[in-house]
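# Breakdown of the fold
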Amino acid sequence: MKKLIFSAVFAISFAMSAFAINPNNVDDKVLKSFNETFAGATQVSWTQVANHYEAFFISGDVKTRALLDHKGRILQTIRYYGKGLLPASVADAVTENYKNKEIFAITEVQNKYGTNYRIVLKDQKQYLHLNANSKGDIEVAKVFNRGDQ
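What comes next concerns the included structure. Worth saying up front: this structure is predicted, and the values here are computed from it rather than measured.

## Focus on the overall build of the chain
Regarding its fold elements, the chain presents three helices and nine strands. Secondary structure of the chain in N-to-C order comes out as α-β-α-β-β-β-β-α-β-β-β-β. Pairs at least 24 residues apart make up 39% of the contacts formed inside the chain by residues separated by at least 6 positions. Per element, the accessible surface of the chain, about 9,000 Å² overall, is 51% carbon and sulfur.

Here it is, written out as structure tokens:
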């Protein structure tokens, strides 16, 4: 789980120093790699983050952020989606351990440390934030009382 925390800090620190750029100013190697890897991406916008490029785009129903280095190598992806795309091993572990809660949102972080998930569950009284890995290991990160009920 430390890897997930490191991934989140890594993503946030880059986001804080980012600024939007014109796609015409993105390195050709980066664009080529992006277009090969994420064919069919729509609504693509680019930011420059230190010596890296970040693309924010939509692929199908999935909103995605991809961090690429100046050679076009993908360093990290962050994907935002609903419960239908959560891998079965993780979905089963969540369903088994939190039977009375509904999966509300999922953030998937994939980088050199592997694939980790931030899963938000809800019930009538609370939002529950979980950290999970691809093996189905789960830990509670935060619990919030709902103010919308």
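## Quick look at the environment of Lys 135
Assignment of secondary structure puts Lys 135 in the loop between β8 (126–133) and β9 (138–145). In this structure the C-alpha to C-alpha distance between Lys 135 and Ala 93, which are 42 residues apart in sequence, comes to 9.2 Å.

## Considering helix α3 (residues 88–97)
Along α3, the positions that sit buried rather than exposed are Val 90, Ala 91, Ala 93 and Val 94. Viewed along the axis of α3, the buried residues span an arc of 160°, placing them on a single side of the element. The outward face of α3, more than 90 degrees from its buried face, is lined by the exposed residues Ala 88, Asp 92 and Glu 96. Looking at the buried side of α3, the elements it contacts are β6 (102–111), β7 (114–122), β8 and β9.

## Some points on the nonpolar core
Judged by nonpolar contacts, the single largest core of 15 residues is most densely connected at Leu 86, Val 94, Tyr 117, Ile 119 and Leu 121. For this core, the secondary structure elements donating two or more residues are α3, β6, β7 and β8. If we ignore the near neighbours within four places in the chain, the residues touching Leu 121 are Val 94, Tyr 98, Lys 101, Glu 102, Ile 103, Phe 104, Gln 126, Tyr 127, Leu 128 and Leu 130. One finds Phe 34, Trp 46, Phe 57 and Leu 68 within the second-largest nonpolar core, a separate group that totals 11 residues.

Cut-offs applied
Residues numbered from 1 in each chain as written. Predicted model: local features only at pLDDT ≥ 70, side-chain atom pairs only at ≥ 80, totals over all residues. Heavy atoms only, no water. Helix = DSSP H or I, 4+ residues; strand = E, 2+ residues; numbered from the N terminus. Contact = heavy atoms within 4.5 Å. Areas by Shrake-Rupley, 256 points an atom, 1.4 Å probe, with all protein chains shown as cover. Buried < 20%, exposed > 50% of the residue type's maximum accessible area, 1.4 Å probe, protein only. Arc of directions from axis to C-beta. Core = buried A, V, L, I, M, F, W, Y, C linked by side-chain atoms within 4.5 Å.

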